Amino acid sequence: MAIFKELNLNEKLKENLSKNKFNVLTEIQYKTIPLLLKNKSLVVKSETGSGKSLCFVVPILENVDIDLQNLQYIVIAPTRELCKQLYDLFMLLSKNYKNINIKLLSSDKDINRSISELKNNPQIIIATIGRLDKFFVKNSYISISNVKGIVIDEADMLFDDGFSSLVDSFLSKFNENVQKAIFSASFSENMLSIFKKYILGDEIINIDSDVIGKNVENIAINIKHKEINEAALKFIKATYPYFLIIFCSEKKDILPLYNFLAENNYKVTYLHGGLESNERKATIRKIKKDEYQIVICSDLLSRGIDLPFTDTVLSINLPNNIEYYLHRAGRTGRFDKKGCSYVFYDEDDTEKLEKLLSMNIKFKFKKFDQNDNLVDTQYKKEFVKKRVVNDNLERKAGKIKSKYTRKGVKPNYKKKMKQKIKKEAAYMRRRNK
């Protein structure tokens, strides 16, 4: 078992790590930090919640030259919330460093203030790719002549959100002597091929583990077409979560659920990308002060944000990009703590659920009984078979409709057609019981 005190780090950094209870290295930290301390370039894939942020924050704070008042390290993250979280971590671990200058560039900061801060020659910048594009590519407020290293965090999210060309263009401006460290929970082959050309002969580290952390229990709840708000209320009463994040795939579902739970006297708030920056910052600040029991959100919170007291996550529906379920589930069970990730589903969701099962995600299956308790149930028998029956019935109904319309319109043909389909449906369901 490796500990931070054994690493070749300066005493102030070791002291700050210890004060903040960062003692034992996780597997990914053990494999990456020594290499990054030696200025190796890396592409790193590791499950969410495995401690990737410290993998690059620690080497940067160790290797930065505080006597050189020039930009030396750039850290890129996909959202301003994640940038702020990384900035806070840098500030926490650089406490009592003399002459260190770390700046945050994100869209919630005043442009003129950011320009002024850049003139003071920060040694470390944490930024969204959009802000870097504005301050560096389109204007020349950032000098990169002394940059020693670049980190890209949550790289797959940048690609998912359409920023791949900006990332590619930015990286291409640095020669092979500049260290590059690229972190993500997942990589497509296309992404990997792009990043390989920038790390050249250095390493790709893939922690081959479960796609979701081993401390997360995944539970799928058959709601049988119950109304979502009522199902969510039943769920809360059945599970009594200490702190619950509810994910909605569509922003339009957030406010109705928020109002419904607030009316039922729960301490609840909500977050989505449509909120003003100051609203989002104030809400996250209150969440971290433990002022709410429930947060309802879009996938804004599914990437990188660390709320260490989250014991339960609920997806009221499965996301269209099924991999976002992995990141939702990763908000709990972090850093050796246990957590549960629940998802509502019914027969219309079998295709998405089957995809998760094919990724070796192990689910327990439950349903609400007559007393609204959650009890064990079977998935395969209830849903896969039912879906096959429904698909077959749909094809059969199409043939019946085609047959009647080919014959031409006759008296009572619609009634006869419906009776025929109803009879066929009853037969098929009896046969498949």
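For the structure, check the block above.
Keep in mind it's a predicted model, so treat the numbers as computed, not measured. (Residues numbered from 1 in each chain as written. Predicted model: local features only at pLDDT ≥ 70, side-chain atom pairs only at ≥ 80, totals over all residues. Heavy atoms only, no water.)

### Comments concerning the nonpolar core
- With 41 residues, the main nonpolar core has Leu61, Phe90, Ile124 and Ile126 as its most contacted residues.
- A total of seven residues in this core trace back to one element, the largest contributor, which is helix α3 (residues 52-63).
- Residue contacts for Ile126: discarding those within four places in its chain leaves Val75, Cys83, Leu86, Tyr87, Phe90, Ile102, Lys103, Leu104 and Leu105.
- One finds Leu118, Phe159, Val178 and Ile182 within the second-largest nonpolar core, a separate group that totals 32 residues. (Core = buried A, V, L, I, M, F, W, Y, C linked by side-chain atoms within 4.5 Å. Buried < 20%, exposed > 50% of the residue type's maximum accessible area, 1.4 Å probe, protein only. Helix = DSSP H or I, 4+ residues; strand = E, 2+ residues; numbered from the N terminus. Contact = heavy atoms within 4.5 Å.)

### With respect to the sheet that holds strand β6 (residues 179-184)
- In space, the seven strands of this open sheet follow the order β3-β4-β2-β5-β6-β1-β7, with parallel pairing throughout. Of all strands in the sheet, those bounded by a partner on one side alone are β3 (102-105) and β7 (203-206). Looking at each pair of strands side by side, their axes are set apart by 10° on average, direction ignored.
- Bridge count between strand β1 (residues 42-45) and β6: four bridges; the pairing is parallel. When the bridges of β6 are listed, Lys45 appears paired with Ser184.
- Strand contacts of helix α8 (residues 164-171): β2 (73-76), β5 (149-152) and β6, with the helix running at about 165° to β5, the strand carrying the most contacts. (Pairing = 2+ DSSP bridges. Axes fitted to C-alpha atoms, helices over the stretch in contact; angles between N-to-C directions.)

### A look at the sheet that holds strand β12 (residues 312-315)
- Across the sheet, eight strands lie side by side as β10-β11-β9-β12-β13-β8-β14-β15; this open sheet has mixed pairing. Only two strands of the sheet have a single neighbouring strand rather than two, namely β10 (268-271) and β15 (374-376). The sheet shows a mean angle of 25° between the axes of neighbouring strands, taken without regard to direction.
- Bridge analysis of strand β9 (residues 244-247) against strand β11 (residues 294-297) gives four bridges, and the strand direction is parallel. Across the sheet, Ile245 pairs through a bridge with Val295, a residue of β11.
- Most of the contacts of helix α12 (residues 277-288) go to β10, to which it runs at about 140°, and overall it touches β10 and β11.

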